[in-house]
Every structure is written in C-alpha cells, then in structure tokens.
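For reference, the chains in residue letters:
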Amino acid sequence: KAGVTQTPRYLIKTRGQQVTLSCSPISGHRSVSWYQQTPGQGLQFLFEYFSETQRNKGNFPGRFSGRQFSNSRSEMNVSTLELGDSALYLCASATRTSGINSRPYEQYFGPGTRLTVT
Amino acid sequence: QKEVEQDPGPLSVPEGAIVSLNCTYSNSAFQYFMWYRQYSRKGPELLMYTYSSGNKEDGRFTAQVDKSSKYISLFIRDSQPSDSATYLCAMSASNTGNQFYFGTGTSLTVIP
C-alpha cells in the first residue's frame, strides 16, 4: 500500500507571496492532519480534515487555511508569507477521526514539504 | 510552559546499549501516547501507540506510561546504528479528533 505523498517536496518563496501544498493520504484513510515542524517549536498542529470538514484547528493565524476534497486529498494554503513560516510542513493521514469519548487514531506521516521563505 | 517537554539531547550510546528516552507533560487529560522515529529529511514513522498507564512491548521497544507522574518513556534494547534518529513523543486527549501534541524530539546516535 502506498504511503502518504506530499508535493512539492521543496519550495522557495518570497515574503508576501502565497503557497499551496498538497497531500494525498494512504488509500482508504479519510482523516488528514497538517503539522508545522521547526527546530525550536517541534511539530505543531495546524488543522485536521475529515470527510471534507475541518475537524479542529491549532493556534495559527488565519493566513493558514486548508481544505479536503471528496477523494480525501488535502491542500494547505499559506497567504502573505512571512520569514517565520519557513518550516517543514508535514501531512499525516489516519483511517478516521475520533468521535465522542473515543480514542484518536494512529497517524502516518508523509515526507513533508520543506518551505523556505526569503 | 509547553504542554509536552522532551530533552533534546543529543544522546550518544555504544551499540548494544539500552536507551531510555523520556517525556513529561502537564495536561492531565492526555490519555493516548505515541512514539515516533524520524530520520533526517524524512517524515516521522510511528513506533508505538499506548493508552493510559502501563507498559507495552514490541520487539526491542518498550513504551511505559506513568500517568500519576505525567511521565512517559521509550526503552530501546540492544540498540543498533540503524536506531540513530530523532525520537518524538506525542500525546492526545479524547474528544479532540486526531490532534496530537508533540515533544521537540531527542536526537539519538548509536555508535558501532
């Protein structure tokens, strides 16, 4: 079974530009989460999508947005890029999301997109 | 204070040693705990998933959770050079979807 794929793998953008990152989950997985990884902060949760709906959102500004398509593929968009947005953006897929009083599901990560903002 | 604290290391051990990796946390609602391994320029790879307190063993890896102390550990027995990587702990509560809180990772080098 193919793993999580992310495109592009590397990206260089200029301050003020916007960027769109793409994630294709493992076949059959319906939950997609996005994380930002930086050396100082580690992995920080951006948001999770399940069945084309945002399930929850981390503490990031509104410049960070996402969406999920009917085939479970997801995109993340960052508008008005800042130098501090330089990071590895990781996508993780899971079979489903947790319901009320149920456990979260194992997440499987893609290789990430390395974004550099100059 | 961050919700999850993890000593960044670096940790360097000889091949065959037992490695102990640890995380502490502040949120008593966390019940679900994962350990990931991340090689350079790769995404994190899931190693272990445990629920609540107790031990779980998988091959050379043992995950331990002590909820009373808000402390989790990953032990690696008979460490190999291929274990050289960054190890990340992650934890979550129920009713928060698949949102996990991660430690910043411990860098491990196993010397042949």
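Residues numbered from 1 in each chain as written. Chains lettered and ligands numbered in written order. Predicted model: local features only at pLDDT ≥ 70, side-chain atom pairs only at ≥ 80, totals over all residues. Heavy atoms only, no water.

## Describing the overall build of chain B
Helix and strand counts for chain B stand at 0 helices and 11 strands. Of the regular secondary structure in chain B, the N- to C-terminal order runs β-β-β-β-β-β-β-β-β-β-β. Here the C-alpha atoms of chain B give a radius of gyration of 13 Å, agreeing with the 13 Å that 2.2 N^0.38 yields for 112 residues. With respect to the three principal axes, the spread of C-alpha positions in chain B is 45 × 30 × 20 Å. Once local pairs closer than 6 in sequence are excluded, the contacts in chain B between residues at least 24 apart make up 54%. (Helix = DSSP H or I, 4+ residues; strand = E, 2+ residues; numbered from the N terminus. Rg over C-alpha atoms; globule rule 2.2 N^0.38 Å. Contact = heavy atoms within 4.5 Å.)

## Structural notes on the interface of chain A and chain B
Listed by partner, the interface residues are 33 residues for chain A and 23 residues for chain B. Counting each side, the surface lost to burial between chain A and chain B is near 2,000 Å², with a carbon and sulfur contribution of 49%. Across the chain A-chain B interface, the total number found is 0 salt bridges. In terms of residue class, the side of chain A that touches chain B is made up of 13 nonpolar, 14 polar and 6 charged. (Buried area = accessible area lost by both parts, 1.4 Å probe. Salt bridge = Lys/Arg side-chain N within 4 Å of Asp/Glu carboxyl O. Nonpolar A, V, L, I, M, F, W, Y, C, P; charged D, E, K, R; others polar.)

## Remarks on the sheet that holds strand 3 (residues 19-25) of chain B
Residues and elements named next belong to chain B. An order of 1-3-8-7-6 is seen for the 5 strands of this open sheet, with the pairing classed as antiparallel. Looking along the sheet, the strands with just one partner apiece sit at the ends: strand 1 (4-6) and strand 6 (54-58). Across the sheet, the mean angle from the axis of one strand to that of its neighbour is 15 degrees, orientation sign disregarded. Bridging between strand 7 (residues 61-66) and strand 8 (residues 71-76) involves 6 bridges; their strand directions are antiparallel. In the strand pairing of strand 8, phenylalanine 61 is matched with isoleucine 76. (Pairing = 2+ DSSP bridges. Axes fitted to C-alpha atoms, helices over the stretch in contact; angles between N-to-C directions.)

## Here's the deal with the state of the cysteines
Residue and element names in this part refer to chain A. Within this structure, the stated rule accounts for 2 disulfides over all chains. Paired by a disulfide, cysteine 23 and cysteine 91 hold their sulfur atoms 1.7 Å apart. Across the disulfide from cysteine 23 to cysteine 91, rotation about the S-S bond amounts to roughly -50 degrees, and the bridge is consequently left-handed. Remark: cysteine 91 occurs in strand 9 (residues 87-94) and cysteine 23 occurs in strand 3 (residues 19-24); sequence separation between them is 68 residues. With respect to class, cysteine 23 is no different from cysteine 91; both count as buried. (Disulfide = S-S within 2.5 Å. Buried < 20%, exposed > 50% of the residue type's maximum accessible area, 1.4 Å probe, protein only.)

## Considering the side chain of serine 73 of chain B
All names here are of chain B. Among the structural elements, serine 73 can be located in strand 8. Within the local environment of serine 73, its side chain forms a polar contact with the side chain of asparagine 22, the two groups lying 2.9 Å apart. Beyond its immediate sequence surroundings of up to four residues, serine 73 is in contact with Leu21, Asn22, Trp35, Thr62, Ala63 and Gln64. (Polar contact = N/O pair within 3.5 Å; in protein donor to acceptor, adjacent residues only side chain to side chain.)

## A short note on the pairing of strand 6 (residues 53-57) of chain A
Residue and element names in this part refer to chain A. For strand 5 (residues 42-50) and strand 6, the ladder comprises 4 bridges, and the chain directions are antiparallel. Within strand 6, the position partnered with tyrosine 49 by the bridge is glutamine 54. The turn linking strand 5 back onto strand 6 is made up of 2 residues, and serine 51 within it adopts a positive phi angle of 50 degrees.

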